[in-house]
Amino acid sequence: MTRSLNGKVAVVTGAGSGIGRAIAIRLAEDTAKIAIWDINAEGAAETARLVEAAGGTAIALTVDCSDKAAIHAAAEETRARLGPVAILVNNAGIAPFTPFMDIDDDLFDKVIHINLRGPYLLTKEVLPDMLAAGWGRVINITSSSVQSGSFAQGHYVSSKGGLMGMTKALALEFAASGVTFNMVPPGFIDTPMLRAAPIDAEAFAQTLPMKRIGKPEDIAAACAYLASEEASYITGQTISTNGGRYMGSH
């Protein structure tokens with residue numbers, strides 16, 4: 001079912017591949033105008049081409065989504081070319097595997113910088129647009145590892161757990177403003193990042209209740225619902241899209 005977003009502007013970070021690309025394409029199908037922000041210029045341009053080939057509107061910007069000055073410049077360009085931002089999907093992130101005792105301080109700081117501080121800066125940059133409009137959607141892509149833990153990912157799970165906490169805090173603070181804050185923690189999803197991970201994906205898939213790996217489009221569908229008018233009474237919530245890997249209230 002297509003939920004019309006009436007040309008509202010959506011910023012999707014890390015949309016040059018994988019889950020971010022699927023989200024950008026799906027929101028475009030729902031008539032949002034898409035600003036694709038990714039550090040990978042080639043990937044961002046390809047996502048924009050795919051959106052436009054399907055009849056949508058998109059711009060591709062090369063952005064380090066953890067750099068404050070770069071975020072501000074990209075937001076200004078997005079506003080100039082598309083309009084004020086109504087939807088933000090914080091998807092950009094890194095997910096290294098490192099045994100805890102081998103994590104050095106610089107790597108820990110890097111993961112927090114990209115996965116937690118980045119969404120903080122992005123939200124702070126575009127939230128005024130949403131507050132002025134009395135309507136907005138911030139959707140944070142967290143991780144099912146926050147719910148279940150993840151081996152050799154103490155830095156990653158810490159960053160995503162922080163993002164979960166921030167989502168709930170902002171959902172409460174801005175609940176009366178017309179802006180909602182929700183999160184989608186992907187389970188085991190078939191992406192370039194997963195294929196590069198030190199995991200036997202097919203073997204792990206057999207441990208899941210659904211016995212299969214999820215698709216980026218599964219995450220995109222959850223985001224499309226949260227971005228829609230129909231989700232206006234939902235804030236501070238988690239849509240766990242994981243094939244039954246984790247079932248719980250948070």
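Further up the page is the structure itself.
What counts and what doesn't
In every chain, residue numbers begin from 1 and rise along the written sequence. Local features in this predicted model are restricted to residues whose pLDDT is 70 or higher, and side-chain atom pairs enter the listing and the counts only when it is 80 or higher, whereas totals over whole chains, interfaces and linings include all residues. With hydrogens and water excluded, all non-hydrogen atoms of the structure serve as input to the side-chain values. By convention a nonpolar core is built from buried Ala, Val, Leu, Ile, Met, Phe, Trp, Tyr and Cys residues, the set being connected through side-chain atoms within 4.5 Å. Only protein chains enter the accessibility calculation, which uses a 1.4 Å probe; a residue whose area is less than 20% of its type maximum is buried, one above 50% is exposed, and one in between is partly exposed. Numbering of helices and strands starts at the N terminus; helices are DSSP runs of H or I of at least 4 residues and strands are runs of E of at least 2. What makes two residues a contact is simply this: any of their non-hydrogen atoms within 4.5 Å. Two strands pair if DSSP finds at least two bridges between them. Angular values range over 0 to 180 degrees, each being the angle between N-to-C directions of two axes fitted as lines to C-alpha atoms, with helices fitted over their stretch in contact.

> Explain the nonpolar core to me, using residue names and the numbers behind them.
For soluble globular proteins, nonpolar side chains are generally found buried alongside one another. If you look at the biggest cluster of nonpolar residues, it comprises 32 residues, and the most contacted ones within it are Ile-23, Leu-27, Ile-34 and Ile-87. Secondary-structure elements contributing two or more residues to this core are strand S1 (9-13), helix H1 (18-29), strand S2 (33-38), helix H2 (41-53), strand S4 (85-90), strand S5 (136-141) and helix H9 (216-227). If you tally residues by element for this core, the top one is H9, at seven residues. Sequence-distant contacts of Leu-27, that is, excluding residues within four places in its chain, are made with Leu-5, Ala-10, Val-12, Ala-32, Ile-34, Ile-87, Val-89, Ala-224 and Ala-227. Of all hydrophobic cores here, the second largest spans 27 residues; its members include Val-9, Ala-74, Leu-82 and Val-179.

> Please give an account of the environment of Lys-124 that cites residues and values.
Note on placement: Lys-124 falls in helix H4 (residues 105-133). The exposed category is assigned to Lys-124, whose relative accessible area is 55%. It is 25 Å that separates the C-alpha atoms of Lys-124 and Gly-18, two residues lying 106 residues apart in sequence.

> Can you lay out unusual backbone geometry for me, pointing to particular residues and giving the numbers?
One non-glycine residue with positive phi stands out, namely Ala-152, at about 60°. Positive phi values are uncommon outside glycine, yet Lys-211 reaches one of about 60°. Its location among the elements puts Lys-211 in the loop between helix H8 (201-205) and H9. Note on Lys-211: relative accessible area 47%, which makes it partly exposed.

> So, the sheet that holds S2: which residues are in play, and what are the values?
Strand order in the open sheet made by the six strands is S3-S2-S1-S4-S5-S6, with parallel pairing throughout. Across the chains shown, the open sheet's two edge strands, defined by having one partner strand only, are strand S3 (57-62) and strand S6 (179-184). Adjacent strand axes in the sheet meet at a mean angle of 15° when their direction is disregarded. Relative to S4, S1 is paired through four bridges, and the arrangement is parallel. Directly across from Val-12, in S4, lies its bridge partner Val-89. Strand contacts of H1: S1, S2, S4 and S5, with the helix running at about 170° to S1, the strand carrying the most contacts. Together, S5 and S6 form the strand contacts of helix H6 (residues 154-173), whose direction differs from that of S6 by roughly 155°.

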